[in-house]
Amino acid sequence: MAMEIKACLVVALRSFFFLSPTACQSCPEYQKQALLQFKSSILAITTPSIFNSADVSQLLRSWNSSSDCCGWVEVECNDSPNSTSRVVITGLYLDALFTHLSPQPRVESSMLAPIFHIRSLEELSISDNNIQGEIPGVGFANLSNLVLLYMEGNNLSGPIPPHLFHLPLLRDIYLRDNSLTGQLPADIGNLTSLQRLSSQILQQDDNSLNICRNCPSTNNLLTREIPSWLFNFKGLRDLRLGGNHLIWNNSVSVEIAPNPSLFGLSLKSYGLVTEVPKWISTLTSLFFLDLNKNKLQGAFPQWFLEMRLLQVLILSDNELTGHVPTTIPIETIFLAFAGNKLSGGFQPFNFTNFSKLQHLELEDNNLTA
C-alpha cells in the first residue's frame, strides 16, 4: 500500500508540472470486473500450457484484481466525456491471443459478452482469435461510442447483424477472412461516419504489398445486389468487399457521383459484364483498385493514365482485349493483367517514365515475343 501511495504521489507531482488530467485515477470498478470476467472465460478454455504461452501470458497476467485496469497490457484509458474527475476504458487490443498455438482453442462469440458492458469503448480489436459463431449484434448495440472495429481473421459465421450499422460513430469496420453469409444489410446506409468497410483478403504494411490471386478463398460469402449509393458516402475512404457473392446490376445505367475521398476500391468477383466502368475515372484519389475476376471487356482505357495517384491496379482474370498498354499511371507499383485475352507482340514499357513499377503480371494471355 505504501508503494502505491508513493507511486501515486510521484505521478501527481509529474501531472502538476505537465498538466496530465488522468493522474492517479482508476478505471471504473464495473469495467475492471468485466475484463476480469472475460479473462476467466479465456482461462476456462485453455490448459495451463496454453495460458503460459508468450502471447496469452504476457497479455492477461497483468490483468489482476489488485491493480488498476488502466495499467493493464492492451487496455487504453482516457478522460470520460461525461466527467472531468474520472477516466474510462476507450480501447481494447486483443488480437492474436493464440496465434502460435496448434490447434487453437475454440472461442465462442458469446465469450465477448463481458466486453459489451464497457460502453465507453471507442476502439475494439479482436482479430485472429478463432472466434466462432454469429456476431453478437445485441451486444454490439451497447457500444454506441465505438469508432473502430477489427474482427478479421476469425471464423465468424451467419449474417452481419444490422445492429452494427446503427452505431452512430462507427467509422472503420474490418470483417475480412471470416465465414459470414447472407445479404449485405441495407442498414449500412445509416453509417454516416463510415470511412472504411473491408471484408476481402488483403495484407499490406509499410514495406510490402501481398495480393493473393489464385489462393483458396478465405473471404466471406455475403450476397446482395450492390447499391450504387454505397459509393456516395462523403467520408468513405476505403471500400473493399471483393471475394463475396455480391453482384453488380449490369442491366441498368448507373451514375456514380464523384467521391474525392475514396482511395481504395475492390469490385473483385462482382459480376461486372461491361467495359471498365467510366465512373471510376471520377475517383481521382484512388491509389488501390481491384477489378479482378469479373468479365470486363474491351481495351485498357486511356483515362487510367489521368489517375496519377494510382499505385495498385489489378485487372486479372477478365476478358480484356487489345494490346498491353505501353504507358501506365506514373505512380503505379503493382500492375496485373494476367488471365485476359490480350494479344499481339509485347511492346516493352518505357521504364524511364515509371521507375516505381515493382510487380507486373501478364501470364495467361495471347501475347507473342
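Residues numbered from 1 in each chain as written. Predicted model: local features only at pLDDT ≥ 70, side-chain atom pairs only at ≥ 80, totals over all residues. Heavy atoms only, no water.

Caption draft 1: Focus on the state of the cysteines. A full pass over the atoms with the stated rule returns 2 disulfides. Disulfide partner of cysteine 27: cysteine 69, at an S-S distance of 1.7 Å. Sign of the S-S torsion, about 135° for the bond between cysteine 27 and cysteine 69, identifies this disulfide as right-handed. Here the residue cysteine 27 occupies a position in the loop between α1 (2-18) and α2 (29-44), and cysteine 69 occupies one in the loop between α4 (54-60) and β1 (75-79), the gap between them amounting to 42 residues. The disulfide that involves cysteine 70 links it to cysteine 77, with 2.1 Å between the sulfurs. (Disulfide = S-S within 2.5 Å. Helix = DSSP H or I, 4+ residues; strand = E, 2+ residues; numbered from the N terminus.)

Caption draft 2: Structural detail: the pattern of salt bridges. Scanning the entire structure with this criterion turns up 4 salt bridges. Linking arginine 106 and glutamate 108 is a salt bridge whose minimum nitrogen-to-oxygen distance equals 2.4 Å. Note on arginine 106: relative accessible area 48%, which makes it partly exposed. Note on glutamate 108: relative accessible area 29%, which makes it partly exposed. One salt bridge in this structure joins lysine 356 and glutamate 331, with 2.7 Å as the shortest N-O distance. Here lysine 356, found in the loop between β22 (343-345) and β23 (359-361), pairs with glutamate 331, found in the loop between β20 (319-320) and β21 (334-336); they are 25 residues apart in sequence, far enough to count as distant. Exposure remark for glutamate 331: the relative accessible area of 24% places this residue in the partly exposed category. (Salt bridge = Lys/Arg side-chain N within 4 Å of Asp/Glu carboxyl O. Buried < 20%, exposed > 50% of the residue type's maximum accessible area, 1.4 Å probe, protein only.)

The analysis is restricted to geometry; functional conclusions fall outside its scope.
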